[in-house]
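Summary of the model geometry
One letter stands for each residue in the lines below.
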Amino acid sequence: MPELPEVETTVRLLRPRLEGRRVVDAAVHWPRTLGGQDEAQFRAAVCGARVARLWRRAKFIALDLERRRSPAGTLLCHLRMSGRLVVEAAGAELDPHVRVVLRLDRGALHFNDARKFGRFFHCADPAAFLAALGPEPLGAAFTADWLARALRARRRLLKPLLLDQSFVAGLGNIYVDEALHRAGLHPLRRSDRVPRGAARRLHAAIRATLEAAIEREGSSFDVFYRTPEGNPGRFQDQWLAYGREGEPCRRCGRAIRRIVVGQRGTHLCTRCQPAPRRGGNAQRRVASW
DNA sequence: CTATGGCCCTGGTTGC
DNA sequence: TGCAACCAGGGCCATA
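Residues numbered from 1 in each chain as written. Chains lettered and ligands numbered in written order. Predicted model: local features only at pLDDT ≥ 70, side-chain atom pairs only at ≥ 80, totals over all residues. Heavy atoms only, no water.

Take the sheet that holds strand β5 (residues 83-88) next. Strand order in the open sheet made by the four strands is β1-β6-β7-β5, with antiparallel pairing throughout. Each of the sheet's edge strands pairs with one partner strand only, and the pair in question is β1 (23-28) and β5. Pairwise comparison of adjacent strand axes, ignoring direction, gives a mean angle of 15 degrees for this sheet. Relative to strand β7 (residues 108-113), β5 runs antiparallel, the two sharing six bridges. Across the sheet, Leu85 pairs through a bridge with Phe111, a residue of β7. Sitting on the sheet, helix α1 (residues 4-18) is in contact with β5, β6 (98-104) and β7, with an inclination near 25 degrees to β5. Strands β1 and β6 of the sheet are contacted by helix α2 (residues 39-46), whose axis makes an angle of about 160 degrees with β1. (Pairing = 2+ DSSP bridges. Helix = DSSP H or I, 4+ residues; strand = E, 2+ residues; numbered from the N terminus. Axes fitted to C-alpha atoms, helices over the stretch in contact; angles between N-to-C directions. Contact = heavy atoms within 4.5 Å.)

What follows concerns the protein's contact with DNA strand C. Taken together, 13 residues form the shell around DNA strand C, and within it Lys59, His78, Met81, Tyr242 and Arg264 come nearest. Backbone atoms, meaning sugar plus phosphate, form 63% of the atoms of DNA strand C positioned within 4 Å of the protein. The contact in question runs from a phosphate oxygen of DNA strand C to an N or O atom on the side chain of Arg258, over 3.2 Å. Among the residues forming the surface near DNA strand C, the class breakdown is four nonpolar, four polar and five charged. (Near = heavy atom within 4 Å. Polar contact = N/O pair within 3.5 Å; in protein donor to acceptor, adjacent residues only side chain to side chain. Nonpolar A, V, L, I, M, F, W, Y, C, P; charged D, E, K, R; others polar.)

Around DNA strand B there are 14 residues in total, and Arg32, His97, Lys116, Arg154 and Arg156 lie nearest to it. Close to the protein, within 4 Å, the atoms of DNA strand B belong to sugar or phosphate groups at a rate of 69%. At 2.5 Å, a side-chain N or O of Arg32 approaches a phosphate oxygen of DNA strand B. Within the side chain of Arg156, an N or O atom sits 2.5 Å from a phosphate oxygen of DNA strand B. Of the residues that constitute the surface near DNA strand B, the class distribution is five nonpolar, three polar and six charged.

For helix α4 (residues 144-153), the full list of buried residues reads Ala144, Leu147, Ala148, Ala150 and Leu151. Packing partners of the buried residues in α4 comprise α5 (158-163) and α7 (196-215). (Buried < 20%, exposed > 50% of the residue type's maximum accessible area, 1.4 Å probe, protein only.)

A word on empty space enclosed by the protein. The final tally for this structure, using the stated rule, is one cavity of 30 Å³ or more. Quantified by volume, the largest cavity comes out at close to 40 Å³. Along the walls of the largest cavity sit Thr10, Leu79, Gly83, Arg84, Leu85, Phe224, Tyr225, Arg226, Thr227 and Pro228, which together make up its complete lining. When residues of the lining of the largest cavity are assigned to their parent elements, the largest contribution, three residues, is made by β5. (1 Å grid on protein atoms, 1.4 Å probe; cavity = no way out; pocket = protein on both sides within 12 Å on 5 of 7 lines; lining within 4 Å. Points joined across faces, edges and corners; volume = space filled by probe spheres on them.)

Moving on, we get to the pairing of strand β4 (residues 70-78). Along any regular strand the residues' side chains alternate between the sheet's two faces. Among the nine residues that make up β4, seven are buried, leaving the element largely enclosed by the rest of the structure. Inspection of the sheet shows strand β3 (residues 60-67) paired to β4 by seven bridges, in the antiparallel sense. The residue of β4 that forms the bridge with Ala62 is Leu76. Relative to strand β8 (residues 119-123), β4 runs antiparallel, the two sharing five bridges. Considered in β8, the bridge of Leu75 is made with His122.

To continue, consider the packing of helix α6 (residues 173-183) against α7. Between α6 and α7, the shortest axis-to-axis distance is 8 Å and the interhelical angle comes to 130 degrees. Considered as vectors, α6 and α7 are oriented oblique to each other. Judged by the sense of rotation from one axis to the other, the crossing of α6 with α7 is right-handed. Touching Tyr175, Glu178, Ala179, Leu180, Arg182 and Ala183 of α6 are Arg201, Leu202, Ala205, Ile206, Ala208, Thr209, Leu210 and Ala213, all from α7. Per-class residue counts for the contact of α6 with α7 are 10 nonpolar, one polar and three charged. (Parallel < 35°, antiparallel > 145°, perpendicular 65-115°, else oblique. Left-handed = near helix turned anticlockwise from the far one by under 90°.)

Have a look at this one:
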């Protein structure tokens, strides 16, 4: 599943092939990819524009567009589960899962998305569109101190909170499990009961995990995620918890367990990530008046 | 405020 | 062997 490291890898590898290119034509093969936007308006917004800059915010890939050197809005792409962006040679054969094609003055950008969850949005003001997102975990605003306070300000289970893009933006199921293992924190811990020192460990773990994953161009474990050059990522070889049910914890040797938290498969070491006191998952409702 | 569950989708896996 | 049922998973929405 493309999460921050996979999206960052996509942006980095796509940048030299996209920046400076002009969109000559747009074909939408699966209209729902536009999420309700009018297809004709979308095509009009994109065709003839030049890709001035490619950037990332959370799991969104953003293409700043220009016409005659003036801003012409931003195309935001979200890969969701199975989306992939690749620049192909002009006239390249169309894979049956390609949902959108932006024909360029040199080559063509193919949006391949088997599960059809990915989305393309054209918007005039991306900052407004992205305003509801929490801080970038690799950005300057995401400090250990901020995280410690933010955890205390909420009363959520750790894992669902870290998956909440309005809390921190960019983590998904894999990297939350990885970061929690690295920090030695149980996914069912309540956020407001995480001590300061543990919050600092979590902060460091999130950053280290993401940086290491970017370094290895993300994680691939099924047919879906590939870099824009067609290569699988290499971080799956270094997973500590995710996808390792029954395998020994790399730190202590105990078998990794899989539980379900908020409908999500969750992987952890019950020795390195001790369960919270009194169950933790049960929201004990105390009668009060 | 927080939690739960449905929905969107399809390819891969599991079960019979 | 063949086929149906099941499931994962990000984000969003309605409901409790």
